[in-house]
Amino acid sequence: MQLKIMPRKKRLSAGRVPLILFLCQMISALEVPLDPKLLEDLVQPPTITQQSPKDYIIDPRENIVIQCEAKGKPPPSFSWTRNGTHFDIDKDPLVTMKPGSGTLVINIMSEGKAETYEGVYQCTARNERGAAISNNIVVRPSRSPLWTKEKLEPITLRNGQSLVLPCRPPIGLPPPIIFWMDNSFQRLPQSERVSQGLNGDLYFSNVLPEDTREDYICYARFNHTQTIQQKQPISVKVISAKSSRERPPTFLTPEGNASNKEELRGNVLSLECIAEGLPTPIIHWIKEDGTLPVNRMSYKNFKKTLQITHVSEADSGNYQCIAKNALGAIHHTISVTVKAAPYWIMAPQNLVLSPGEDGTLICRANGNPKPRISWLTNGVPVEISPEDPSRKIDGDTIIFSNVQERSSAVYQCNASNEYGYLLANAFINVLAEPPRILTPTNTLYQVIANRPALLDCAFFGSPLPTIEWFKGTKGSALREDIYILHENGTLEIPVAQKDSTGTYTCVARNKLGMAKNEVHLEIKDPTRIIKQPEYAVVQRGSTVSFECKVKHDHTLTLTVTWLKDNGELPDDDRFTIEKDHLVIADVTDDDSGTYTCVANTTLDNVSASAVLSVVAPTPTPAPVYDVPNPPFDLELTNQLDKSVQLSWTPGDDNNSPITKFIIEYEDTMHGAGVWHHHTEVPGTQTTAQLKLSPFFHSLQKTKAYTCVAALLLEPDKNPTAVEGLGTEPDNLVITWKPLNGFESNGPGLQYKVSWRQKDGDDEWTSVVVANVSKYIVSGTPTFVPYLIKVQALNDVGFAPEPAVVMGHSGEDLPMVAPGNVHVSVVNSTLAEVHWDPVPLKSIRGHLQGYRIYYWKTQSSSKRNRRHIEKKILTFQGSKTHGMLPGLEPFSHYTLNVRVVNGKGEGPASADSVFNTPEGVPSAPKSLKIVNPTLDSLTLEWDPPSHPNGILTEYTLKYQPINSTHELGPLVDLKIPANKTRWTLKNLNFSTRYKFYFYAQTSAGSGSQITEEAVTTVDEVSSLMWPTTIGTGRAMASRQVDIATQGWFIGLMCAVALLILILLIVCFIRRNKGGKYPVKEKEDARADPEIQPMKEDDGTFGEYSDAEDHKPLKKGSRTPSDRTVKKEDSDDSLVDYGEGVNGQFNEDGSFIGQYSGKKEKEPAEGNESSEAPSPVNAMNSFV
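Values in this document were obtained by computation on a predicted structure and should not be read as measured data.

Student: I'd like a rundown of the overall build of the protein, residues and numbers included.
Tutor: Within the protein, the secondary structure is distributed over four helices and 87 strands. The burial tally for the protein puts 43% of its 1182 residues in the buried class. Across the protein, the fraction of contacts at a sequence separation of at least 24, relative to all contacts at a separation of at least 6, is 64%.

Okay, structure coming up:
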């Protein structure tokens, strides 16, 4: 079949060479190619390419240059307006325009003043296809005015007081940078106690004697003119006090408890709080309704300033600074509002159409407040521009239908609000052009085998051409599972093989014609290092050789270079390169390092390295003698295949009997200088039969005499654990477990490493290495199976033929993304994903599986987008479908699929978008009862934190609970979804109610939250019990009204009865002592007035005896402890019988007889003036 490309209008893929930029850019809003050789007859409206900034502050000491550059075909002409009217540059000799440009140069160096040319400038670039305009460029000269002269009085204050030194710099353009220094131009030290505010003032939280100085100087640096202005020095004298009174913090700036701050989106938000106090306060910052953005915030000025970069509307809210010291803390709340000048959501893009086609220009911007969109045509408001029947304006969109060449024009979109504006030019260019292929014909592409090949076909045409690719002169069909076609016309072969060589034809067609072009592809063999340099350890003064044998494609030129430690080789005659070898003679210590062989061709390069270690000759250790003397005359006899007899003559025992002989051995080949225990024999024995391994050396430990026994055989086994795995896409790392010293069976242990491709016809490639357990084969094709074997050998011969194992060269990242990805939504929390497998050759490694990345891009019930971390699911093996669990209902999701091998992930598939349906909501976040009355309760709630859809209504169920906890009838009430407050009326007073509350969506009812509350009785105020949220539902904890419980009422009655019995018993006991006449008692007193208790308030009033007939007088209250002071009265009813419980007749006389006077008991003074009652007990308990 033929493989066609139908380029999309809004997305392009990048190519390899610059001409690919010429691809189908017509509809995609990119620039039309203006190659003079290929497209010299193509016309294009003007486009502004460079202009001065909107707010252009100039240096009044230099010439004024106002930039305006544009391109178009034919080249545009330029004109300017100033302050809204035409600016005739020919009438001003100081103003010139650069040739071929619209840039103005105003020569004020020779004469003239910059202030003369202040104003608003706008450039227009025009040709026969339309006119483009620049921004309004406001030109203003910078200003650095002098400080106004002022007389500054010296400041004198006491130690510990706060101080603010004002700066108040002159107003400049742009505003100056403020800093404080002394007369020596040294910056004044700042700290948590002393710091400079954002306004430039210097703040002292408290002053110290060392703050005394006469040269506090504020400097203003105007960067634009590179000038510095200086304020008059301020003198400060701090008087030492014996002790400074500490005080809690107060704010120096800002003032009050709250303030407001407004900032524009994208700017840096700076919030400042500076406090005074003693000790020095520490500042902390919090955001009341959220968390601070850690990745965008920083503290300045010793945490007195909070800065947030790139602010957005989400940063609006209340920020609180807290100043704290040992005596207290205060806070200030700054309410931040983030406004926004207009910013682009979708700027209009250039549009190239052919006659009769349709198209649209879209101009969408956002801001706070919402910007107003207006359109201009060729710099003129569209309302007063010439009519165009093919044009229809619909708000932020212009719709074109059936366009003709006269429809060509440049349109300007202006989006503005009170904080700024955006202006964008976008042209519509109506062209009728047959296809043209811009890639040079017969281009030759050379690619290394098993690597990607990209064949370019840059094209142009109007209408947009379609692209087809053919292979060979007979037009062989291209299969989609092997080739990838990009929108820019490029043909990609993910894994180029030898059979990919050939001629490829690109054909571009539209309704006006056809064009084709041939390119050629050649596949080359990769460069490989088949014999790598090996690790070497040599002695000083010797010669070392590194070998590097390279195999490459014979049609490519090969260069081999050697590096030392990734740099050039030393310029020394001792270093010579002989074909495949690097030879270093008379080695020195400086020659140690890493030597790298680099093989380069015009298409690829490979390298291999080895380390050279230089050591000194090993000295021969001197013999060591000990007591007893060592044996001598060591002799080996009766030598068999694997045993020998050792005999010796004992040495002098030095008057101490020899108890045993210890026989040790040294493996001189594999562990020289290391002695190993072999056996022990009694001290009376002078012979021993020794079992030997091949190449075994036995000698007595004293080393006075050495007797060697050697069995030299070829190895009888090969290395184990042989593996072949690549660590890079172009290598094969062969590893094995080496033989130990005894297994070598003789000197000169080496390994013969052999490999060849499993599916190829190549012969075995072999290399012999020593003292290593791995070998790296470089320059291999990516992920190709290899047959590997490792054979041991020594100076005697080879081990048996080794087993052959299979390995793979290194993996590389997969090259192709899974295709045909589609999603089936199972329910609100589950979706199933299907995809097509990728070609096996494109995996370039062991297939591990497929990995799905998915994330929620936006909740369907919310308009604001917020970043959510991507989730990952991996499906093992060759599965082509999988389930995505745990999705959030009623949400927009995006996913892509990638194939995974041992190296990593391949490219992602195109994003697939799906929506989950509505689900049942979670429980409302909270439910509380406020403002209870006798017959009503008001409920307030917060909506569910996870609505999982569009809420349709709330359901409220409630029922009364009687004193025995029985539930009454259930009332069911529906509440609109937009309510968060509801009042229930006509309820029973002093009744407990239980509430069940939940939300509903179209999918059903969500989890419920419960609550209990009581309607009030008399003055009892709100009763509310907190809600405890459990797993998935709300559980209300009850607080029992104890006054209504039966057991409590019974207990109070029993207490009252007990008190009554005690009072009766006490009264009887006090009356047993005889009667006591009132008259005698009164006469005996110096003060005839005593204080009985008043019935209304429990206090004592004055009375006289019956003979005086004095009226009752109101007396003073008793002290709070219910005792009567002795100096006030020597007698009182407190001293008698029942005291305050006595009663009076109508004439004021006391009923009953008093008992004899007793000494007051301490406990009697604390007796209550009124008997306890159940009601009082209940109120005090609650």
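Student: Please provide a residue-by-residue account of the side chain of Lys-524, values included.
Tutor: Note that Lys-524 resides in strand S47 (residues 513-524). Those residues within four positions of Lys-524 in sequence are excluded, and the remaining contacts are Gln-446, Val-447, Ile-448, Ala-449, Lys-498, Asp-553, Thr-555, Leu-556 and Leu-603.

Student: Tell me about the packing of aromatic side chains, and name the residues and values.
Tutor: Each aromatic ring pair is specified by the distance between its two centres and by the angle formed by the two planes. For the structure shown, the criterion picks out 19 aromatic pairs. On the numbers, 6.0 Å between centres and 45° between planes, the contact of Phe-185 with Tyr-219 is tilted. Here the residue Phe-185 occupies a position in the loop between strand S15 (177-181) and strand S16 (194-196), and Tyr-219 occupies one in strand S18 (residues 213-222), the gap between them amounting to 34 residues. On the basis of relative accessibility, which here comes to 3%, the residue Tyr-219 falls in the buried class. When the centroid spacing of 5.2 Å and the interplanar angle of 65° are considered together, the rings of Trp-648 and Phe-661 count as edge-to-face. Of the two residues, Trp-648 sits in strand S59 (residues 643-649) while Phe-661 sits in strand S60 (residues 660-666), which places them 13 residues apart along the sequence.

Student: Lay out a nonpolar patch on the surface with the relevant residues and their values.
Tutor: Among the surface-exposed residues, Leu-1057, Leu-1060, Ile-1061, Ile-1064, Val-1065, Phe-1067 and Ile-1068 lie close enough to one another that they form a single nonpolar patch of about 650 Å² accessible area. Along the chain, the position of Ile-1064 falls in helix H2 (residues 1046-1070).

Student: I'd love a proper account of the pattern of salt bridges, names of residues and values included.
Tutor: For the structure on display, the rule yields 32 salt bridges. Here Asp-396 makes a salt bridge to Arg-364, at a shortest N to O gap of 3.3 Å. Of this pair, Asp-396 sits in the loop between strand S35 (391-394) and strand S36 (397-400) while Arg-364 sits in strand S32 (residues 364-368); the two residues are 32 residues apart in sequence, bridging distant segments of the chain. Linking Asp-572 and Arg-574 is a salt bridge whose minimum nitrogen-to-oxygen distance equals 3.1 Å. The network of salt bridges with shared partners includes Asp-182, Arg-213 and Asp-215.

Student: Let's hear about the nonpolar core: which residues, and what values?
Tutor: Core analysis: the largest hydrophobic core is formed by 33 residues, its most contacted members being Ile-66, Trp-80, Ile-106, Tyr-117 and Tyr-121. If you list the elements that add at least two residues to this core, you get strand S3 (55-58), strand S4 (64-66), strand S5 (68-73), strand S6 (77-82), strand S9 (104-106), strand S10 (119-127) and strand S12 (137-141). The biggest single contributor to this core is S10, with three residues. Non-local contacts of Tyr-117, meaning those with residues more than four positions away in its chain, are made with Ile-64, Arg-82, Asp-92, Leu-94, Val-95, Ile-106, Ile-108 and Val-139. Listed in part, the 21 residues of the second largest apolar core include Tyr-445, Cys-457, Ile-467 and Leu-491.

Student: Can you break down the pairing of strand S83 (residues 992-1001) residue by residue, with the values?
Tutor: Where burial is concerned, most of S83 is hidden: nine out of the ten residues are buried. Summarising the sheet, strand S80 (residues 953-961) and S83 pair through nine bridges and their orientation is antiparallel. The partner of Lys-957 across the bridge, within S83, is Tyr-996. Here S83 runs beside strand S85 (residues 1009-1014); their pairing, made up of six bridges, is antiparallel. Its bridge partner lying in S85, Tyr-996 is registered against Thr-1010. Examined bridge by bridge, S83 and strand S84 (residues 1004-1005) share two bridges and lie antiparallel to one another. The residue bridging Gln-1000 from the neighbouring strand is Ser-1005, located in S84. Here S83 folds back onto S84, and the loop between the two strands holds two residues.

Student: I'd love a proper account of the state of the cysteines, names of residues and values included.
Tutor: Evaluated as defined, the whole model comprises six disulfides. Disulfide partner of Cys-363: Cys-413, at an S-S distance of 1.7 Å. Negative torsions about the S-S bond denote left-handed disulfides, and the value of about -65° found for Cys-363 with Cys-413 makes this one left-handed. On the criterion of sequence distance, the pair formed by Cys-363 in the loop between strand S31 (359-362) and S32 and Cys-413 in strand S37 (residues 409-417) is long-range, its members being 50 residues apart. Judged by relative accessible area, which is 0%, Cys-363 ranks as buried. Sequence-ordered numbering of the bonded cysteines in the protein gives a pairing of 1-2, 3-4, 5-6, 7-8, 9-10, 11-12.

Student: Quick one: what's the story with the UniProt feature "transmembrane region" (unreviewed entry) in the protein, residue by residue and with numbers?
Tutor: As annotated by UniProt and renumbered to match this structure, "transmembrane region" (unreviewed entry) occupies residues 1047-1068. Secondary structure content for residues 1047-1068 is 100% helix and 0% strand, and the end C-alpha separation is 32 Å.

Student: So what's going on with the sheet that holds S31? Residues and values would help.
Tutor: The antiparallel open sheet is built from three strands, whose spatial order is S31-S36-S35. Pairing within the sheet leaves two strands with one partner each, and these edge strands are S31 and S35. If you compare each strand with its neighbour and ignore which way they point, the axes differ by 20° on average. Here S31 runs beside S36; their pairing, made up of four bridges, is antiparallel. Bridge pairing links Ile-362 to Thr-397 in S36.

Student: Residue-level account of the environment of Ile-57, with values.
Tutor: Along the chain, the position of Ile-57 falls in strand S3. The exposure class assigned to Ile-57 is buried, which follows from its relative accessible area of 16%. Setting aside residues no more than four positions away along its own chain, Ile-57 makes contact with Arg-140, Pro-141, Ser-142, Leu-173, Pro-174 and His-224.

Student: So what about the side chain of Lys-856? Which residues, and what values?
Tutor: As for its position among the elements, Lys-856 is in strand S73 (residues 847-859). On the accessibility criterion, Lys-856 (10% relative accessible area) is buried. A polar contact of 2.7 Å, which involves the side chain of Lys-856, links it to the side chain of Glu-888.

Procedures and definitions
- Residue numbering note: each chain is counted from 1, following its sequence as written.
- Totals for whole chains, interfaces and linings use every residue, but because this is a predicted model, local features are given only for residues with pLDDT of at least 70 and side-chain atom pairs only at 80 or more, for both listing and counting.
- Computation of side-chain values covers all heavy atoms of the structure but excludes hydrogens and water.
- Think of it this way: any DSSP run of H or I at least four residues long counts as a helix, any run of E at least two long counts as a strand, and we number them from the N terminus.
- Relative accessibility thresholds used throughout: buried, under 20% of the residue-type maximum; exposed, over 50%; partly exposed, between the two (1.4 Å probe, protein chains only).
- Throughout, a contact is declared for two residues whenever any of their heavy atoms are within 4.5 Å.
- Working definition: rings of Phe, Tyr and Trp (its six-membered ring) pair if their centres are within 6.5 Å, and the pair is stacked with planes under 30 degrees apart, edge-to-face with planes over 60 apart, and tilted otherwise.
- Patch members must show over 30% relative accessible area and no salt bridge, and they are joined within 9 Å when carrying like charges or within 5 Å when they are nonpolar side chains of Val, Leu, Ile, Met, Phe, Trp or Tyr.
- In short, Shrake-Rupley with a 1.4 Å probe defines the accessible areas, and a residue's cover is counted only from the protein chains shown.
- By definition, a salt bridge exists where a carboxyl oxygen of Asp or Glu is found within 4 Å of a side-chain nitrogen of Lys or Arg.
- By nonpolar core is meant a set of buried Ala, Val, Leu, Ile, Met, Phe, Trp, Tyr and Cys residues that side-chain atoms within 4.5 Å join together.
- Note on pairing: two strands pair once DSSP finds at least 2 bridges between them.
- Pairs of cysteine sulfur atoms within 2.5 Å are what we label disulfides.
- UniProt positions are given in the numbering used here, feature names are shortened, and annotations may be inferred rather than shown by experiment.
- A fitted line through C-alpha atoms serves as each axis, taken over the contacting stretch for helices, and the angle formed by two N-to-C directions is quoted from 0 to 180°.
- Any N or O atom pair separated by 3.5 Å or less is treated as a polar contact, with the protein-specific requirement of one donor-capable and one acceptor-capable atom, and with residues adjacent in sequence counted only for side-chain atom pairs.

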